[in-house]
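# Overview (structure and organization)
Single-letter residue listing:
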Amino acid sequence: EKQDIFTFYNLLGNYFYMQQQYHSADYYYTKAKDCGHKSRLQLAKIFYNLSLTKQRILDDMHISLIYAKQAYELFEKEKDDNEVIDVLVSMAVQYTHIKNFEEAKNCLETAQQKLHQYPETQQKHIMFMMEYHYGKLFEAMGNDEAALQKYITLTNTLEEDTSVVYVL
């Protein structure tokens, strides 16, 4: 029964997140987190979702980073490389937001290393997102020329099936 309640709250969190109602999503993800026993992987996903919702509703990224780090540790223990890479990219965004550029760069570099280490991951999409966030990092650092070069390179590599990212 606790698993059913957890699933219910998690699904509601996902629904509201997809509707971009981040306060409601955060509420239900928190309820899911506080709801009884979960597997380590389920808990990691909840921590990651909480990190993403808090990133959108709070100005202070430190709380988002706490949840992201917890998710990262659990995904590492579970050896879920796709999720580890996604969390690292999100942490890079969060570090960039608080102007901790060195940590943001470290997260992106670690994500790239993991991506090359595990070729079965969704390389094309993740590589695109990492390069985009490198551009955002350069932009935040005031290096507009390097950012522009990243963005131009990305627009030149777009294909029909690639998600559109508004870089310019």
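Here, every reference points to the structure presented above.
Here's a quick rundown of the structure.

Procedures and definitions
- Starting from 1, residues in each chain are numbered consecutively following that chain's sequence as written.
- Only residues with pLDDT of at least 70 are given local features in this predicted model, and only at 80 or more are side-chain atom pairs given and counted; all residues enter the totals for whole chains, interfaces and linings.
- In computing side-chain properties, one takes all heavy atoms of the structure into account and sets aside hydrogens as well as water.
- A carboxyl oxygen of Asp or Glu within 4 Å of a side-chain nitrogen of Lys or Arg is what we treat as a salt bridge.
- The way it works is that DSSP assigns letters per residue, a run of H or I at least four long becomes a helix, a run of E at least two long becomes a strand, and they are numbered from the N terminus.
- Burial classes follow relative accessibility: with a 1.4 Å probe on protein chains only, a residue under 20% of its type's maximum area counts as buried, one over 50% as exposed, and anything between as partly exposed.
- Contact definition: two residues touch when any of their heavy atoms are within 4.5 Å.
- Centres within 6.5 Å make a pair out of two Phe, Tyr or Trp rings, where for Trp the six-membered ring is used; the pair is then stacked when the planes are under 30 degrees apart, edge-to-face when over 60, and tilted otherwise.
- Only when the NZ atom of a Lys or the CZ atom of an Arg is both within 6 Å of the ring centre and within 35 degrees of the ring normal do we say a charge sits over the ring.

### So, the pattern of salt bridges
- Scanning all chains against the criterion turns up 6 salt bridges.
- The salt bridge partner of Lys54 is Asp26, with a shortest N-O separation of 3.0 Å. Separated by 28 residues along the polypeptide, Lys54 in helix α3 (residues 40–57) and Asp26 in helix α2 (residues 22–33) bring together distant segments of the chain. Side by side, Lys54 and Asp26 carry an identical accessibility label, which is buried.
- Here Lys33 ties to Asp34 by a salt bridge, and the two come within 3.0 Å at their closest N and O atoms.
- Using a relative accessible area of 23% as the deciding quantity, one classes Lys33 as partly exposed.
- Residue Asp34 is classed as exposed on the basis of its relative accessible area of 53%.

### A word on the environment of Leu108
- If you trace the backbone, Leu108 turns up in helix α6 (residues 101–117).
- When its relative accessible area of 1% is taken as the criterion, Leu108 is described as buried.
- For the pair Leu108 and Ala92, spaced 16 residues apart in the sequence, the C-alpha separation amounts to 6.2 Å.
- Setting aside its immediate chain neighbours within four residues, Leu108 contacts Ala92, Met130, His133, Tyr134 and Leu137.

### A closer look at the packing of aromatic side chains
- Counted under the stated rule, the structure contains 9 aromatic pairs.
- Relative to Tyr22, the ring of Tyr17 lies with its centre 5.2 Å away and its plane at 65°, an arrangement referred to as edge-to-face. For the pair formed by Tyr17 and Tyr22, the shared burial category is buried.
- Aromatic ring contacts, followed pair by pair, group Phe8, Tyr9, Tyr15, Phe16, Tyr27 and Tyr28 into a single cluster.
- Here the basic side chain of Arg56 rests over the ring of Tyr22, its NZ or CZ set 5.5 Å away from the ring centre.
- Here Lys150 stacks its cationic end above the ring of Tyr134, 5.3 Å away from the centre of that ring.

Keep in mind these numbers describe shape, not what the thing actually does.
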